[in-house]
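Architecture at a glance
In case you want the letters, here they are:
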Amino acid sequence: RSAGIIGAAFWRGQSRLGVHEGPDRIRSSGLLERLKQQGCAVKDYGNLVFDDVDESSVGLLKSVAAVGGANRRLSEAMKAVKMDGHTAVMLGGDHSLAIGSIHGHSAAVGELSVVWVDAHADINTPLTTYTGNFHGQPMSFLLHELHSKVPVLPNFSWVKPCLSAKDLVYIGLRDVDPAEHYILKMLGVKVFSISEVDRLGVARVMEETCDYVTTRGKKPVHLSYDIDAIDPSVTPATGTPVVGGLTYREGVYITEHLSQTGLLSAVDLVEVNPQLGKTEADVQSTVNTAVDLLLGCFRRLREGNHPTDYT
Ligand code: DIR
Ligand code: MN
Ligand code: MN
Ligand code: MN
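What this report covers is the structure whose coordinates are included nearby. (Residues numbered from 1 in each chain as written. Chains lettered and ligands numbered in written order. Predicted model: local features only at pLDDT ≥ 70, side-chain atom pairs only at ≥ 80, totals over all residues. Heavy atoms only, no water.)

1. A word on the sheet that holds strand 7 (residues 221–226)
- Pairing is parallel across the open sheet formed by 8 strands, whose spatial order is 2-1-3-8-7-4-5-6. The open sheet has two edge strands with one neighbour each: strand 2 (41–47) and strand 6 (190–192). Sheet twist, expressed as the average angle between the axes of neighbouring strands with direction ignored, equals 15°.
- Note that strand 1 (residues 2–8) and strand 2 share 5 bridges and pair parallel. Bridging across to strand 2, I5 finds its partner in D44. (Pairing = 2+ DSSP bridges. Helix = DSSP H or I, 4+ residues; strand = E, 2+ residues; numbered from the N terminus. Axes fitted to C-alpha atoms, helices over the stretch in contact; angles between N-to-C directions.)

This is the structure:
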């Protein structure tokens, strides 16, 4: 078991400065060392270098060509990391990067299941968005079912839908736009909103998530984790915090449980914005939680581990 880490210091999928500092802050909090300590081989592919492209808007849509171009690069990098045989880790950056991450993952391994942990559904199309931010839209580019709803955009012609709505599970939703809610219902997407976490408990939610995923064919799992899924009292340093989120323990449990299935093939950890903490303690709490979520993805158990647990 090995981790292949890609930094994607990209922020133009949303408007708040600082989210590009995520990858380096997460690294400097000891992610690589701690993965190695827990017996995981690590290869750091460094931070991607993105072309300087035209940052102009198309209608309401912000930085269209930049988002398309950055994701193209990420898709190629992700594919290469999977071809090298690692469990891929994409450190964002904003959540628009899931376009390239999931696209590249699927290009390497074929059909995927996606578990999307977020306060938001990020399933607006370029026509339903009212913010114009691409971090609220990545899923619309990835789903076969929404292909006909997505217009042609500069630097996006390389994106081919690679995911079926039945292979997507959401956990933690609590801020869903009306059009997004309509899309989720229309496509029959499996959603465990934060209310379901309240009602069922996180253990049952994860059992049902894994049952759902395994009955659909045990495809490799892509976990896309937006740090704003966690309650802002724990992870305040993020661009669009929403009250009433997952506890630290629920958040880590999700990663522990998925890791134990042996199906986890790639992870995104996005939307950590070190410039948005009011204090250094806010930033550290956010970054440390991000690190703990990633350690959980690589077989760390809070009860403790010993070397054979990791193999
Ligand atoms: C909103 C907010 N639904 C949008 N989305 C966020 O911009 O489309 N996603 N914050 O992470
Ligand atoms: Mn998100
Ligand atoms: Mn979010
Ligand atoms: Mn198709």
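2. Observations concerning the pattern of salt bridges
- Scanning all chains against the criterion turns up 13 salt bridges.
- A salt bridge links K166 to D167; the shortest N-O distance between them is 3.2 Å.
- Residue K166 is classed as partly exposed on the basis of its relative accessible area of 38%.
- Among the ionic pairs, E256 bridges to R302, the shortest N-O distance being 2.9 Å. With E256 in helix 9 (residues 248–261) and R302 in the segment after helix 10 (280–297), this residue pair connects regions lying 46 residues apart in the sequence.
- When its relative accessible area of 36% is taken as the criterion, R302 is described as partly exposed.
- Each of E111, K166, D167 and K219 takes part in a single network of salt bridges with overlapping partners. (Salt bridge = Lys/Arg side-chain N within 4 Å of Asp/Glu carboxyl O. Buried < 20%, exposed > 50% of the residue type's maximum accessible area, 1.4 Å probe, protein only.)

3. Topic: unusual backbone geometry
- The amide bond that connects G92 to the next residue, G93, takes the cis arrangement and shows omega of 10°.
- Locating G93 in the fold gives a position in the loop between strand 3 (87–92) and helix 4 (98–109).
- In this structure, D122 takes a positive phi of about 50° despite not being glycine.
- You can see D122 is positioned in the loop between strand 4 (113–117) and helix 5 (138–142).
- For D122, a relative accessible area of 5% translates into the label buried.
- In the Ramachandran plot, R299 falls in the positive-phi region, its phi being about 75° despite a non-glycine side chain.

4. Remarks on the site of ligand 1
- Every residue near ligand 1 is listed here: H120, D122, N124, T131, H135, G136, D177, E180, D226 and T240.
- One of the side-chain N or O atoms of D122 is found 2.9 Å from a nitrogen atom in ligand 1.
- With respect to ligand 1, the side chain of T131 contributes an N or O atom lying 2.7 Å from an oxygen atom.
- Within the complex, the protein chains bury 94% of what would otherwise be the 310 Å² of accessible surface of ligand 1.
- Among the residues forming the shell around ligand 1, the class breakdown is no nonpolar, 6 polar and 4 charged. (Near = heavy atom within 4 Å. Polar contact = N/O pair within 3.5 Å; in protein donor to acceptor, adjacent residues only side chain to side chain. Areas by Shrake-Rupley, 256 points an atom, 1.4 Å probe, with all protein chains shown as cover. Nonpolar A, V, L, I, M, F, W, Y, C, P; charged D, E, K, R; others polar.)

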